[in-house]
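Report on the structure
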Amino acid sequence: MVDAQTRRSSKTRLSRDEQIEAALRKRTRKIQDQYCRDLVRVANWAALQGLKKDAAALVKKISGINPQYPKLEDIREKVEKAEEESDTAKNEKNGKSLLTRLKSADKKQGVELVKLATGCMKVGLFTRAFDMINYVLEISPDDSKARKILGYKKDTKTKTWISTWEYNHRKKNFITKEGWFEKKKKKDFDKGLRPYKGKWISAEREKSIRTRNEYAPYTVKSEHFEVQTNMGRERAWEFALKLEDFYTQFFRVFIGYYDQIAGARLLFNRPETKKMHLVILFPNRNDYLTHVKQEKGNDKLLRESAGFYSGSDRKSRFYWSDNEEETYRTFYHEVAHQLFAETKSTRSGGSRGNNWVVEGIAVYIETWKKIKGNWVPGYEIDNSRMRIAQRFLASNGDWSLQGFAHIDNDQFHKVNRGLNYCLAGALCHFFMHYNDEVYKEDFVRFLSAYYMGKVGNDSLAEYIKIEGGGGFNALEKQFKEYMATLGEKKPEPEAEADPEDLDD
Ligand SMILES: [Zn+2]
């Protein structure tokens, strides 16, 4: 839960940052101790009621939060001596009461953490604040302040929390497995009719048109994306939901790509204008190639591609392959290009060399994976592109990072393109994850500078503050070592955000 910003600043940043860190640590410890105190009280009560197992679990929880908590040994002894109650009716009743007590402790801790998160935002620690707020929602899903900060509103009918966009959208629309439809068309929808060019026609007729005609695809709109496909409206909606999920994680990781205020707006889902990102999904490779030829002519590179994003018409395109994982890899890759390009105004034409960074960061995003519902950036270190880079570096000891950085756009795509992609992706993995993410922030700033047209051939070694100094050569050495040992320890899925993680 703690990001590199913290680790870094405690070592190298100015003393103002260090002071903020120290104050934050102190506050965090205080909140944790308060929480431990409440848990001790609940454990004590549980032990007296004969809920011995529950009490023991609480002791374990407390020692997980703060193994040095002063009253830990006392309560441990008490619980060990407690007698197990055998009356099941009594246990059931007490079990319910236990849950209420725990809930109230969680709620209290949530309130304190929201205050702390607000303080973090005031000093610009947005990612930390974002993670804290999300943790509060895990333990106390109904915390209205936390919900508000993340832009949720409560639907009074269903008693559920939804985004402000959805809240407003629900007024005139209803949701189905096929996305949103206007309420005033509910009867038509229920009769099996669907919209086509301003009219409502039978779903079968619509299908016969939309599955065959590339220029009359199914279209669905979610909060930030418009998806077009001949594969059916339900499929389009499924895809839109995947895109939305990816969208949030993208800003969490790349907040440093934006200036502070714009980044915070995007992260907390309050962009000034909501531009739709347009995505086209083709049912198969053939249809995709036909489209590419029609739209972009006989471009060799595109003919060989699995998808592409075009800045000129602001659309990303890819096709559904038999291999679902492959499809999603391409999908995250192209949408990453799209989000970097469309969420702030860029002029990358002004940068020199370093074209590897554009493809590299998209190839790197192919390594992101969702494990047990949580995104783990950089998880897939075994994918084929990472392996190719690893093997190449192992047998080409004279490969030069500086030389690679000087490659221009033309050369990057014309000479050893496939290998360049792999090396660029591996380099980004290195910059994003090396040594507890020590370079991540500098690197995201470099990425941002590239897109803003401010990067020259040798800028990489200026942007990345290398521990111990040493410029390109030192970075190259670290990169090669990183790749040689990558996979020896696979990154653990990010542990659940325990309060103890707030403290670094
Ligand atoms: Zn690409």
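Here we summarise the structure given alongside this text.

About the criteria used
Residues numbered from 1 in each chain as written. Predicted model: local features only at pLDDT ≥ 70, side-chain atom pairs only at ≥ 80, totals over all residues. Heavy atoms only, no water. Phe/Tyr/Trp six-rings, centres within 6.5 Å; stacked < 30°, edge-to-face > 60°. Helix = DSSP H or I, 4+ residues; strand = E, 2+ residues; numbered from the N terminus. Buried < 20%, exposed > 50% of the residue type's maximum accessible area, 1.4 Å probe, protein only. Lys NZ or Arg CZ within 6 Å of the ring centre and 35° of its normal. Salt bridge = Lys/Arg side-chain N within 4 Å of Asp/Glu carboxyl O. Polar contact = N/O pair within 3.5 Å; in protein donor to acceptor, adjacent residues only side chain to side chain. Contact = heavy atoms within 4.5 Å. Donors = N, O, S within 2.8 Å, 3.2 Å for Na, K, Ca; no water. Tetrahedral: all angles 85-135°; square planar, octahedral: opposite > 155°, others 65-115°. Core = buried A, V, L, I, M, F, W, Y, C linked by side-chain atoms within 4.5 Å. Expected span 1.5 Å × (residues − 1). Pairing = 2+ DSSP bridges. Disulfide = S-S within 2.5 Å. 1 Å grid on protein atoms, 1.4 Å probe; cavity = no way out; pocket = protein on both sides within 12 Å on 5 of 7 lines; lining within 4 Å. Points joined across faces, edges and corners; volume = space filled by probe spheres on them. Axes fitted to C-alpha atoms, helices over the stretch in contact; angles between N-to-C directions.

According to the stated counting rule, one finds 57 aromatic pairs in the structure shown. Look at Phe246 and Tyr332: their rings are 4.8 Å apart centre to centre, the planes differ by 35°, and that puts the pair in the tilted class. On the criterion of sequence distance, the pair formed by Phe246 in helix α11 (residues 233–253) and Tyr332 in helix α15 (residues 324–342) is long-range, its members being 86 residues apart. Note on accessibility: Phe246 and Tyr332 belong to one class, buried. The side chain of Arg194 reaches across the aromatic face of Phe189, ending 3.8 Å from its centre. Looking at Arg210, its charged tip hangs above the ring of Tyr218, at a distance of 5.8 Å from the centre.

Let us now look at the pattern of salt bridges. Applying the stated criterion across every chain yields a total of 32 salt bridges. Put simply, Lys115 and Glu112 hold a salt bridge, and the shortest N to O gap is 3.4 Å. Placement of the pair is Lys115 and Glu112 together in helix α5 (residues 88–122), with a separation of three residues, close to one helical turn. Residues joined in a network through salt bridges with shared partners are Glu178, Arg194, Glu206, Arg210 and Arg233.

On to the side chain of Arg317. On the secondary structure map, Arg317 appears in strand β11 (residues 315–319). For Arg317, the side chain forms a polar contact with the side chain of His291, separated by 2.8 Å. Look past the residues within four positions of Arg317 in its chain and what remains in contact with it is Ile280, Phe282, Tyr288, His291, Glu295, Lys296, Gly307, Phe308, Ser310 and Glu334.

Turning our eyes to something else, we now look at unusual backbone geometry. Backbone phi values are negative for most residues with the exception of glycine, while trans is the configuration of most peptide bonds. Within the chain, Arg314 stands out as a residue other than glycine whose phi angle is a positive 50°. Examined against the element boundaries, Arg314 turns out to sit in the loop between β10 (307–310) and β11. For Asn354, which is not glycine, the phi dihedral falls at a positive 60°. Position of Asn354 relative to the elements: it lies in the loop between α15 and α16 (356–365). For Asn354, a relative accessible area of 0% translates into the label buried.

Moving on, we get to the coordination of the zinc ion. Around the zinc ion, the protein contributes the donor atoms His333 (NE2), His337 (NE2), Glu359 (OE) and Glu359 (OE), which lie 2.1 to 2.8 Å from the metal centre. Given four donor atoms and angles of 51 to 146° at the metal, the environment of the zinc ion is assigned as irregular. Within one chain, the residues serving as donors to the zinc ion are arranged as H-x3-H-x21-E. Separated by four residues within a single helix, His333 and His337 lie in helix α15, roughly one turn from each other. As far as burial versus exposure is concerned, His333 and His337 are alike and both buried.

All right, on to the nonpolar core then. In terms of nonpolar packing, the biggest core is built from 104 residues, with Phe250, Phe254, Trp356, Ile365, Phe431 and Phe443 touching the most fellow members. Here this core gets 11 residues from one element, more than from any other, and that element is helix α20 (residues 417–437). Once you skip the residues sitting within four places of it in the chain, Trp356 turns out to touch Phe404, Ala405, Phe412, Ala424, Leu427, Cys428, Phe431, Phe443, Phe446 and Leu460. Core analysis: the second largest hydrophobic core is formed by 22 residues, Tyr35, Leu39, Leu72 and Ala105 among them.

Another aspect to go through is helix α21 (residues 440–451). A rise of 1.5 Å per residue sets the reference length of α21, with its 12 residues, at 16 Å; its end C-alpha atoms lie 17 Å apart and thus fit the reference within 8%. The buried count for α21 comes to 10 of 12 residues, which makes it a mostly enclosed element. Here α21 has its buried residues at Lys440, Asp442, Phe443, Val444, Phe446, Leu447, Ser448, Ala449, Tyr450 and Tyr451. Just beyond α21, the residue with positive phi is Gly453, at close to 80°.

This next bit is on the pairing of strand β1 (residues 152–155). Of the pairings in the sheet, the one linking β1 to strand β2 (residues 160–163) comprises four bridges and is antiparallel in character. Residue pairing across strands places Tyr152 opposite Ser163, the latter belonging to β2. Two successive antiparallel strands, β1 and β2, enclose a turn made up of four residues, where Lys159 displays a positive phi of approximately 60°.

Relative to the assigned elements, Leu51 resides in the loop between α2 (15–49) and α3 (52–65). Sequence separation of Leu51 and Ser86 is 35 residues, and the distance between their C-alpha atoms is 9.5 Å.

A separate point is the state of the cysteines. Across all of its chains, the model carries zero disulfides by this definition. We note that Cys422 lacks a disulfide partner, and the nearest cysteine sulfur, in Cys428, lies 12 Å from it. For Cys422, a relative accessible area of 4% gives the class buried.

On to the pairing of strand β4 (residues 179–182), then. One ladder, built from four bridges, connects strand β3 (residues 173–176) with β4; its direction is antiparallel. Across the sheet, Ile175 pairs through a bridge with Trp180, a residue of β4. In this antiparallel pair of consecutive strands, β3 and β4, the connection spans two residues.

Once that is clear, we can look at empty space enclosed by the protein. According to the stated counting rule, one finds one cavity of 30 Å³ or more in the structure shown. When its volume is computed, the largest cavity comes out at roughly 40 Å³. If you trace the largest cavity, you find it lined by Ile31, Gln34, Tyr35, Asp38, Ala105, Lys108, Gln109 and Glu112.

Moving on: the sheet that holds strand β7 (residues 218–221). By definition, the strands of a sheet pair up through backbone hydrogen bonds, in either a parallel or an antiparallel sense. Read across the sheet, five strands follow the order β7-β8-β9-β11-β10 without closing on themselves; strand pairing throughout is mixed. Whereas interior strands pair on both sides, the edge strands pair on one side only; in this sheet they are β7 and β10. Each adjacent strand pair in this sheet contributes to an overall mean axis angle of 15°, direction not counted. Direction of pairing for strand β9 (residues 277–282) relative to β11: parallel, over a ladder of five bridges. Opposite Leu278, over in β11, you have Lys315 as the bridge partner.

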